[in-house]
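Working through the structure, step by step
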Amino acid sequence: MKKTPVFLDSLVTDMLRLRAICPFSWRVFQFRPISCEPLIIQMNKCTDEEQIFDFIERNKAILSEKQVGCAFDMLWKLQKQKTSLLKNIEDVRDHPQFLTLRNLATNKFKLMNDDTLVNVLHITQRFAGESHDPLVEALVTEAWKRLERFDIKLLSEFSSCLADQRLYFSPLMGKIADIVHRNLETTQDLSSLSVLMVNISSLISRHFQQQLVNKTELLFDTIDSSEVNVATRITRFLRNIKYCYQPLLEKCNNIFLSNVDQLDLDSISKILRLYKLLHFNSFEFTMMAKKKLTEMIPLCNHPASFVKLFVTLGPIAGPEEKKQLKSTLLLMSEDLTGEQALAVLRAMEDMESRNSHLIKRVTSVLHKHLDSYKPLELLKITQALTFLRFQRKEFSAKLRELLLSHLKISFIPTEVSFLVYAISLLPSPHLDEVGISRIEAVLPQCDLNNLSSFATSVLRWIQYDHMYLDSITGKQLKLLQKLDHYGRQRLQHSNSLDLLWEELKSVRGNTFPESLLEETIATLQHFVDEINYINVVEIASFISNTDYLSTLLLDRIASVAVQQIEKIHPFTILAIILPFSTLNYDPPQRDEFFGTCVQHLNSYLGILDPLMLVYLGFSLATLQYFPEDLLKSIFNIEFLSRLDSQLEILSSSLSARVQFHLMELNRSICLECPEFQIPWFHDRFCQQYNKGIGVMNGAQQQIYKMLAEVLGGINCVKASVLTPYYHTVDFECILDKRKKPLPYGSHNTALGQLPEMPWEPNTEIVGSRLPPGAERFLNSNGTLWHCQQRMLEWTT
């Protein structure tokens, strides 16, 4: 028998010893194919999933971690190439060779490079069927260990993987936020930064939010004008932090406008929804979106796509488009899912559409799925049906039962508050002992927004009991006292305006209970010196909503506007002026304040949103301030044409409000500033608006009879009289110089018509196109009196 050479025997012995000493190295440096390329090239030639799975089955014993990553990548690329109807994610996930691929990934993920690791995590989540996938958890843990060495692009991709798992408040997302904060100064990639901004927005401080906004402004010009996704993410970030920052929104809007032809239904829907939540108006984008969406109506013939179109286009559609949308939806209504029915109902609320036939169809679908809705969705259903005045006892009873059942097991303050609010909207809005105890249990954890919501609900119960049961229970009053106590406690613990505003910015001012509102205003006054150009718009908006006069706060707002006007965006001027108009207050530096604000706006008059410009002119007019350039920019053919186009896309109630304010502004200018030579053109509108005038209620009829007796008969008094500019006067009589009543020449008993005047105008304004009667408002010196004084003079 031939012996093994000594040197070979020695070599084998040494190798075995080395293996025993360094088992880790033996595992790492195992034998592999000489080149990975041929296998990857073979994979790249696969045209369907079966070919990839056949490849995996043949080569599973020799696949490296790089090739495993490539296999995942190929499977996901094939899915992305398919339409939503042809995607077969479940078939891929259930395939035996996909399980083999997962096992290979489980064994090799520690060998993967950072890019492959995060990419495999991303794709595994797309195919995962379980909420807690072991492979996903292992990949996340490994990525966490490597986090500090990730570049910003990889960090953004990993943060998106965490966001897909809704780990917004996890320690890991907090770690990512810390890394972003530490590296913010050197970051230059806005695309990746915008992804991170959205994903970490839930857990960063107000100061860090502002730093990110400033950095985004600095880097914005570095991105291409076609980067719609980046602009959308920036807008979404601003929405997440509830910050309507005009300069950035304008830049994002310009990108949307320049790429509107490339936007699909999903993109337009997302942008319009974000604008609505931010209270940001872009007339140009809305009109372009309306045109593009209208063209899609014949193309959307599947319930899923048509519902999205209905929800997006409905609130901005014209009458014809709305009719077409509703008729098409009626045909599809039986095929709607529960989620689609809710989306349609909320869109009908936005459209103020009370189409009974469509509401009946939609609510029948809602009723079938009512048990499956989450608490917040039940609130949305309740709010929409309340607004649409839908009443059906069976539906309301089941809705109430579900809300109460959720309330009994809920312990999250915000959830408890909106469940209670939803119950308060239903008929007979009572809570049992369990419901009241649930409210009391969460009160110590509530913020001002929750407390305000609870107070609104309790006051609604008290009002209902007083109206229908003629009683108010002591429990309701005690609960109101507790709410007031915790609210005051919360306010007293506020040690800065920034912290206080974090709670106040979500509060609807008009729902604040009066005692809590007074304490809130007092707290804001305590921080009055902290009001600056950054927060002045928010504070002004809050005061407008609360309708509470605080001269200290208003004077500070005016002072900040005058001193820091260059740092305030022109499009926010309306919000600053509005509380002064609403509360009819003139600050000490009145003319300087209004003049500075208007001057700051003058160069933007041509591009301001038409709706905003009308409200601005109206607000200034109520303050007896009439800037000529601004007013003439409103009353010209080009602007009024733009306004007409915008009125078509507004809800009927808002459109009516805007038209009425335009009429009031037109009337004020004609009376106060005839030298502007702006014509009065609202006769027809006023005649339509005042059609129903002249119907007296019981009290007015009694007063009418009493005046007739005192003045000498019904021919000496008129009821519901309209002045030449359509001010309504409840009762009118004419007195001579001796204060004796004069009978009307021919008494017109048809109320609501313009009265015949027993005198002729004695003054004429040259070149005026004002209606008859305008001239008599000049006194003997040729100067104009205050509107109320003139009306009093004319009517007496």
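To start, this report covers the structure provided alongside it.

The rules behind the values
- Numbers given for residues are sequential positions, taken from 1 along each chain in its written order.
- This being a predicted model, a pLDDT of at least 70 is required before a residue's local features are given, and a value of 80 or more before pairs of side-chain atoms are given or counted; all residues contribute to the totals for chains, interfaces and linings.
- Calculated side-chain values reflect all of the structure's heavy atoms, with hydrogen atoms and water omitted.
- The numbering of helices and of strands both runs from the N terminus, where a helix is a DSSP run of H or I of at least 4 residues and a strand a run of E of at least 2.
- Throughout, exposure labels follow a simple rule: accessible area from a 1.4 Å probe, protein chains only, divided by the maximum for the residue type, with under 20% read as buried, over 50% as exposed, and the rest as partly exposed.
- Residue contacts are defined here by distance: any two heavy atoms, one from each residue, within 4.5 Å place the two residues in contact.
- To be clear on the numbers: accessible area is Shrake-Rupley with a 1.4 Å probe, and residue cover counts the displayed protein chains and nothing else.
- Think of it this way: a Phe, Tyr or Trp ring, Trp meaning its six-membered ring, pairs with another when their centres are within 6.5 Å, and the plane angle makes it stacked under 30 degrees, edge-to-face over 60, tilted otherwise.
- Here, the term nonpolar core denotes a set of buried Ala, Val, Leu, Ile, Met, Phe, Trp, Tyr and Cys residues that are joined through side-chain atoms within 4.5 Å.
- A pair of strands is labelled paired if DSSP reports no fewer than 2 bridges between them.
- When a carboxyl oxygen of Asp or Glu lies within 4 Å of a side-chain nitrogen of Lys or Arg, that pair is called a salt bridge.
- Each helix should span, by expectation, one fewer than its residue count multiplied by 1.5 Å.

The helix and strand tally for the chain stands at 40 helices and four strands. Scored against the burial criterion, the 796 residues of the chain give a buried share of 49%. Of the contacts formed within the chain by residues at least 6 apart in sequence, a portion of 71% connects residues at least 24 apart. Accessible surface computed for the chain: about 41400 Å², of which carbon and sulfur atoms make up 53%.

What follows is about the packing of aromatic side chains. Scanning the entire structure with this criterion turns up 21 aromatic pairs. When the ring of tyrosine 275 is compared with that of phenylalanine 280, the centres are 4.8 Å apart and the planes differ by 70 degrees; the resulting orientation is edge-to-face. The residues tyrosine 275 and phenylalanine 280 share a single accessibility class, namely buried. An angle of 85 degrees between the planes, with centres 6.0 Å apart, marks the rings of phenylalanine 571 and tyrosine 604 as edge-to-face.

Let's shift gears to the nonpolar core. Membership of the largest hydrophobic core comes to 154 residues, with the highest contact counts inside it found for Phe158, Ile176, Leu212, Leu238, Phe310 and Ile381. Residue contacts for phenylalanine 158: discarding those within four places in its chain leaves Val118, Leu121, Val140, Ala143, Trp144, Leu147, Phe150, Leu172 and Ile176. In this structure, Leu524, Ile557, Leu608 and Leu640 belong to the second largest nonpolar core, which totals 73 residues.

A few words now on the pairing of strand β2 (residues 728-732). As defined by bridge partners, strand β1 (residues 718-722) adjoins β2 across four bridges and the pair is classed as antiparallel. The partner of leucine 722 across the bridge, within β2, is threonine 728. The loop that links β1 with its antiparallel partner β2 comprises five residues; one of these, tyrosine 726, has a positive phi angle of about 65 degrees.

With that settled, the discussion passes to the pattern of salt bridges. Going through the model one piece at a time under the given rule, you end up with 28 salt bridges. For aspartate 350, the salt bridge identified is with lysine 276, shortest N-O distance 2.8 Å. Here the residue aspartate 350 occupies a position in helix α20 (residues 338-351), and lysine 276 occupies one in helix α16 (residues 265-278), the gap between them amounting to 74 residues. You can call aspartate 350 partly exposed: its relative accessible area is 32%.

Next up on the list: the environment of phenylalanine 593. The residue phenylalanine 593 is located in helix α33 (residues 590-601) in this model. Given a relative accessible area of 0%, phenylalanine 593 falls into the buried group. With 28 residues separating them along the chain, phenylalanine 593 and isoleucine 565 place their C-alpha atoms 9.8 Å apart. Among residues more than four places away in sequence, those in contact with phenylalanine 593 are Ala558, Ala561, Val562, Ile576, Phe580 and Pro587.

Moving on: helix α31 (residues 551-563). Here α31 contains 13 residues, and its C-alpha end-to-end distance of 18 Å stays within 8% of the 18 Å for a straight helix at 1.5 Å per residue. Considered for burial, the residues of α31 that qualify are Leu553, Leu554, Ile557, Ala558, Ser559, Val560, Ala561 and Val562. Tucked into the core, α31 has its buried residues touching α29 (514-526), α30 (536-546), α32 (573-582) and α33.

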